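Remarks on the overall topology
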Amino acid sequence: MKSMSGTEETLRRLAAVPSLQVSTCVPLSRYTRFGIGGPADIFAETSEVEAFIAAMNIARASGLDFVVIGGGTNLIVSDAGFRGVVLRFVADRLMAAGNRVVSNAGVVLQDLVDFAIERGLKGIETLAGIPGWVGAAVYGNAGAYGHSLSERVHNVRFLDNGQVRLFNNEQCDFHYRESIFKAHKEWIIFSTELVLTPADPDALRRTADDILKIRNEKFPPTMKCAGSIFKNFLLARLPEKVAAQVPVTAIREGKVAAAYFLEQVGAKGLVRGDIQVAGYHANLVYNTGSGTARDLCDLIDDLKARVRERFGMEVEEEVQYVGFPDRAS
Ligand SMILES: Cc1cc2nc3c(=O)[nH]c(=O)nc-3n(C[C@H](O)[C@H](O)[C@H](O)COP(=O)(O)OP(=O)(O)OC[C@H]3O[C@@H](n4cnc5c(N)ncnc54)[C@H](O)[C@@H]3O)c2cc1C
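Right, let's walk through the structure included here. (Residues numbered from 1 in each chain as written. Predicted model: local features only at pLDDT ≥ 70, side-chain atom pairs only at ≥ 80, totals over all residues. Heavy atoms only, no water.)

1. Focus on the sheet that holds strand E3 (residues 65–68)
The condition is simple: Between any two strands, pairing holds if DSSP finds at least two bridges. A helix here means a DSSP run of H or I that spans at least four residues, while a strand means a run of E at least two residues long, and both kinds are numbered starting from the N terminus. Lines fitted to the C-alpha atoms define the axes, with helices restricted to the stretch that makes contact. Angles between their N-to-C directions range from 0 to 180 degrees.
The 4 strands lie next to each other as E1-E2-E5-E3, forming an open sheet whose pairing is mixed. Because the sheet does not close on itself, it has two edges, and the strands there are strand E1 (21–27) and E3. The sheet shows a mean angle of 25° between the axes of neighbouring strands, direction not considered. By the bridge criterion, 6 bridges tie E1 to strand E2 (residues 39–46) in an arrangement that is antiparallel.

Below you can see the structure in the form of structure tokens.
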């Protein structure tokens, strides 16, 4: 494919797409919960499928890099920002029919949880308080308290190279914090249909509220962070030697928290500039004020090296990198 002549031309073409809001030099720190990230050369968003498809086509043809983000709660964006096009699909419609709920990707996950609870639909109430939007929740198979969104996903509608496709649950290849969409970052989720189970709304509300209370203590809503930096481990996948060192008390639902290993290597309370590992949670790294991506990445690298040295294995980031050509996202 012939590539276009760069940012100016791409900007001109994007600006001509109806219902697409386009801006330049947008500080991505405004769009990340870490409050970190330099400018995006071009930032474009829309709630219209057609406009989004047109924008993606233009971005792909431009030869510029592009990335699609959601609520920015699981992102580390480089201090230098992003040389290319950052896109957001912000449609936020929710629809219910019987025990089925269809949610656009731009719906705030908590709004979907509340919507289901109000209708007496069980199955996603334990996801209460997980920040971010539904599209990324499908992408990363978000979950908490022993349940993941994938358990209730009936299908996912997404964009693949200009075509809208529909995958059933099996085709999405969901695993713990994984889906096929992570392996195909060019596929962009538009919506998902969930199948839920009728239940007492008051009981569901109580479950969600109890979880929210605990979560708000652990992750105060104003905390500039991404939740857990690293993925937890499935016990069955740990190297035998490492698994043998893990006390039974550190195993929950067949998983070992990355925090367990991080704690063993002295992660709690470590500091780099304005970036800090929480004193009460070794897998929680946050920005205490004017933290930089550089300090954040240095601290992450230090944590990874410590675990590698002590346990001979890698802790793997759950957070996604944007604007770091040398870091896998
Ligand atoms: C305090 C706190 C607590 C958290 N607790 C949990 C938890 O308990 N469980 C859990 O699972 N997560 C947790 N997270 C992580 C985060 O909330 C989830 O990963 C969430 O799903 C990210 O949503 P987002 O919209 O902010 O995505 P973003 O951070 O904007 O993006 C995340 C990734 O999704 C991709 N993406 C975004 N939208 C789309 C789309 N439409 N199609 C395809 N790809 C897309 C992006 O390219 C990026 O790679 C927590 C985060 C915080 C800050």
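2. Structural notes on the site of the ligand
Put simply, the rule reads: Only heavy atoms are used to decide nearness, and a residue is near a molecule or strand if one of them lies within 4 Å of it. Any pair of N or O atoms that falls within 3.5 Å is considered a polar contact. Within protein, one atom must be able to donate a hydrogen and the other to accept it, and sequence-neighbouring residues count only if both atoms are side-chain atoms. Using a 1.4 Å probe, accessible areas were evaluated by the Shrake-Rupley method; residue-level cover was limited to the displayed protein chains. Gly is put with the polar residues, along with every residue not named as nonpolar or charged; the nonpolar set is Ala, Val, Leu, Ile, Met, Phe, Trp, Tyr, Cys and Pro, and the charged set is Asp, Glu, Lys and Arg.
Lining the immediate surroundings of the ligand are 32 residues, of which Val68, Gly70, Thr73, Gly143 and Arg215 lie closest. With respect to the ligand, the backbone of Val68 contributes an N or O atom lying 2.6 Å from an oxygen atom. Arg177 has a polar side-chain atom sitting 3.3 Å from an oxygen atom of the ligand. Within the complex, 92% of the 980 Å² of free accessible area of the ligand lies under protein. Breaking the shell around the ligand down by element, the ones donating at least two residues are helix H4 (134–139), strand E9 (143–144), strand E13 (188–195) and strand E15 (224–228). If you tally residues by element for the shell around the ligand, the top one is H4, at 4 residues. Class assignment of the residues belonging to the shell around the ligand gives a composition of 18 nonpolar, 10 polar and 4 charged.

3. Points about the packing of helix H3 (residues 109–118) against helix H6 (residues 201–218)
Heads up, the condition is: Angle categories are assigned with fixed cut-offs, so that under 35 degrees is roughly parallel, over 145 is roughly antiparallel, 65 to 115 is roughly perpendicular, and the rest are oblique. Residue contacts are defined here by distance: any two heavy atoms, one from each residue, within 4.5 Å place the two residues in contact.
Direction vectors running N to C along H3 and H6 enclose 150°, while the axes themselves pass 9 Å from each other. It follows that H3 is roughly antiparallel to H6 by the angle criterion. Counted together, Gln110, Asp114 and Ile117 of H3 and Pro201, Leu204, Arg205, Ala208 and Leu212 of H6 form the full contact between these two elements. Broken down by class, the residue content of the contact of H3 with H6 amounts to 5 nonpolar, 1 polar and 2 charged.

4. Digging into the environment of Phe82
Just so we agree on the cut-off: Three exposure classes are used, based on accessible area relative to the maximum for each residue type with a 1.4 Å probe and protein chains only: buried under 20%, partly exposed in between, and exposed over 50%.
Checked against the element boundaries, Phe82 lands in strand E5 (residues 82–89). According to the relative accessible area criterion, Phe82 is buried, its value standing at 8%. Phe82 has contacts with Leu28, Pro39, Ala40, Asp41, Asp65, Phe66, Val67, Val322 and Gly323, leaving out every residue within four places of it along the chain.

5. Considering the packing of aromatic side chains
Aromatic ring pairs are described here by two measures, namely the spacing of the ring centres and the angle between the planes. Operational definition: Stacked, edge-to-face and tilted labels apply to pairs of Phe, Tyr and Trp rings (six-membered ring for Trp) whose centres lie within 6.5 Å, assigned for plane angles under 30 degrees, over 60, and everything in between, in that order. The rule for a charge over a ring is simple: NZ of Lys or CZ of Arg within 6 Å of the ring centre, and within 35 degrees of the ring normal.
A complete count under the given rule lists 13 aromatic pairs for this structure. Their ring planes at 75° and their centres at 5.4 Å tell us that Tyr321 and Phe324 sit as a pair that is edge-to-face. Here Tyr321 and Phe324 have matching classes, each one buried. One Lys or Arg, Arg119, reaches over the ring of Phe115 and ends 3.6 Å from the middle of that ring. When the ring centre of Trp187 is taken as origin, the NZ or CZ atom of Arg165, which lies over that ring, is 5.4 Å away.

6. Examining the nonpolar core
The test is simple: We define the nonpolar core as a collection of buried residues of types Ala, Val, Leu, Ile, Met, Phe, Trp, Tyr and Cys that are connected through side-chain atoms lying within 4.5 Å of one another.
One finds Ile124 and Phe181 to be the most contacted residues of the largest nonpolar core, which totals 56 residues. In this structure, Phe181 is in contact with Val138, Tyr139, Val156, Phe158, Phe167, Cys172, Trp187 and Ile189, ignoring residues within four places of it in sequence. Membership of the second largest hydrophobic core comes to 37 residues, among which are Leu238, Val242, Ala250 and Leu262.

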